[in-house]
Amino acid sequence: MTSYKPMLAQSVEEPFTSLDWIFEVKWDGIRAISYIGKDLSIKSRNQKELISNFPEMEELRELASGTVLDGEIIVMRDGQTDFQTLIERNQKTSARDIEYMAKKYPSTYVVFDILEKNGKPVITESLVERKRLLKESVQEGKYVVLSLFVEETGKAYFQAALEKGVEGIMAKKKESPYEPGKRSENWLKIKKIKTCDCVIFGYTRGERSRKNTFGSLILGLYDYSEPVFIGKVGTGFTLHYMEDLIHKLDELQVEEKTLQGVDEDREVVWVQPHLVCEVGYQTLTKDGRLRIPVFKGLKEDKQPRECNINQIGLPLIEYSAKRDFSKTPEPVASGNETTAKSFVIHEHHARRLHYDLRLEKNGVLKSWAVPKGPPVSLGEKHLAVHVEDHPLEYGTFEGTIPEGQYGAGTVKIWDRGMYEPLVWDDNKIEILMKGEKLEGRYVLVRFKKGGENNWLFFKAGD
């Protein structure tokens, strides 16, 4: 059997209704891919073997022989998922503790996809076909269930899910293949409360009832290779959980500061940035901090470097911080979001003439400065330097940025149109462009030898 990385979803804020999508519950658990052949193996996102901590999953041998399945392991208590108990189960090491927890807090494996059947990969099949194969290949058991889904009625399903206490839903395009390891636009997660996965860089000393634990955790996200402070979280913990967590933190304690920009109004204990936690929040403050954050639990299946600022839209904070909108005619972000895929290329007569490529994605314009201009012939490879995201309103902007302001000079639109994404991952972006001047297949690839923000931009053959 092939080893797979799980397909990942992008985040959107609003539910929608569409004949082209299915909708199912977003479970708050541990993502797990199961390999059920001669041997049984259940792997988390970071490839940790889970079967020893969840022995009840042995029933998969009888229920789904010869398959590779994707799903979520959850623990239910009082009709709600209990993520902290689930993580506690996953941390147990002694056979006696594991057996006790399995009996007291049994887990359920909610299966939502099939990757192989009878040893043959099916990931290139459409989602609806994989759902049919899943139902045909897997029997439900005491601890194994198939994920239910509905078609078309995404908005109504989202409201019904919230009324049942579920944190959100998943939307999945019917005709999409399974894309291992990719955060795809074909899968979307829709939550009422915003959440992000943050890295713990330290904690403040606790007082009074918390004097033996901590006051709050110091949180950061990565902006490429550099960590950025995004706030502190001091709520959402039980005392028992805090007592367990402080032991883990103290094992990682270091003398030197591990994160810059932290307001140290209380004594801070710094730790190596090895632990990831999920944090819920309402919105962002003007200075890019999480507003009303609530701790939801550790995420042992995620690596710290995976926790980047794109989760929370922080790049527009950088855009705003560089500009004085009382002096520049550039647009202020409105926060509006569309599902369009537009592009614009600006001709920017700043200190030196350059061009700016901007691609609409996730409610912002992803932007690159292209010093030598867009490549128009096959074989041309031009440097493109990744810069801060711009608001959607910049797609129609033309004007003169006054002297003394960031990017001073005249900006005018050189080309604009629509694009279709073919590939979009951390190292490669491939698109079909249909503009007034540029048309065809264009590629951006990360130029690793040139530095963190440098890419190569070129026209590809049909």
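This section reports on the structure supplied with the text. (Residues numbered from 1 in each chain as written. Predicted model: local features only at pLDDT ≥ 70, side-chain atom pairs only at ≥ 80, totals over all residues. Heavy atoms only, no water.)

A few points about the packing of aromatic side chains
Thought 1: In total, this model carries 13 aromatic pairs according to the counting rule given.
Thought 2: Measuring from centroid to centroid gives 4.4 Å for Phe 237 and Phe 295, while their planes differ by 25 degrees, and the two rings are stacked. Here Phe 237 is found in the loop between β15 (226-233) and α6 (239-251), whereas its partner Phe 295 is found in strand β20 (residues 294-298), with 58 residues between them in sequence.
Thought 3: Residue classification places Phe 295 among the buried positions, given a relative accessible area of 2%.
Thought 4: Members of the aromatic cluster, each reached through a chain of ring pairs, are Tyr 203, Phe 214, Phe 237, Tyr 241 and Phe 295.
Thought 5: If you follow Lys 172 out to its NZ or CZ, it ends over the ring of Trp 187, 4.0 Å from the centre. (Phe/Tyr/Trp six-rings, centres within 6.5 Å; stacked < 30°, edge-to-face > 60°. Helix = DSSP H or I, 4+ residues; strand = E, 2+ residues; numbered from the N terminus. Buried < 20%, exposed > 50% of the residue type's maximum accessible area, 1.4 Å probe, protein only. Lys NZ or Arg CZ within 6 Å of the ring centre and 35° of its normal.)

Examining helix α4 (residues 127-137)
Thought 1: Those residues of α4 lying buried are Leu 127, Arg 130, Lys 131, Leu 133, Leu 134 and Ser 137. Looking down the long axis of α4, one finds its buried residues gathered within 165 degrees of arc, a one-sided arrangement. (Arc of directions from axis to C-beta.)

Describing the sheet that holds strand β2 (residues 18-25)
Working definition: the strands of a sheet are paired by backbone hydrogen bonds and lie parallel or antiparallel to each other.
Thought 1: The strand order across the open sheet formed by 5 strands is β1-β12-β11-β2-β10, and the pairing between neighbours is mixed. If you trace the sheet from one side to the other, it starts and ends with β1 (8-12) and β10 (149-152), each paired once. Pairwise comparison of adjacent strand axes, ignoring direction, gives a mean angle of 35 degrees for this sheet.
Thought 2: In terms of strand pairing, β2 meets β10 through 4 bridges, oriented antiparallel. (Pairing = 2+ DSSP bridges. Axes fitted to C-alpha atoms, helices over the stretch in contact; angles between N-to-C directions.)

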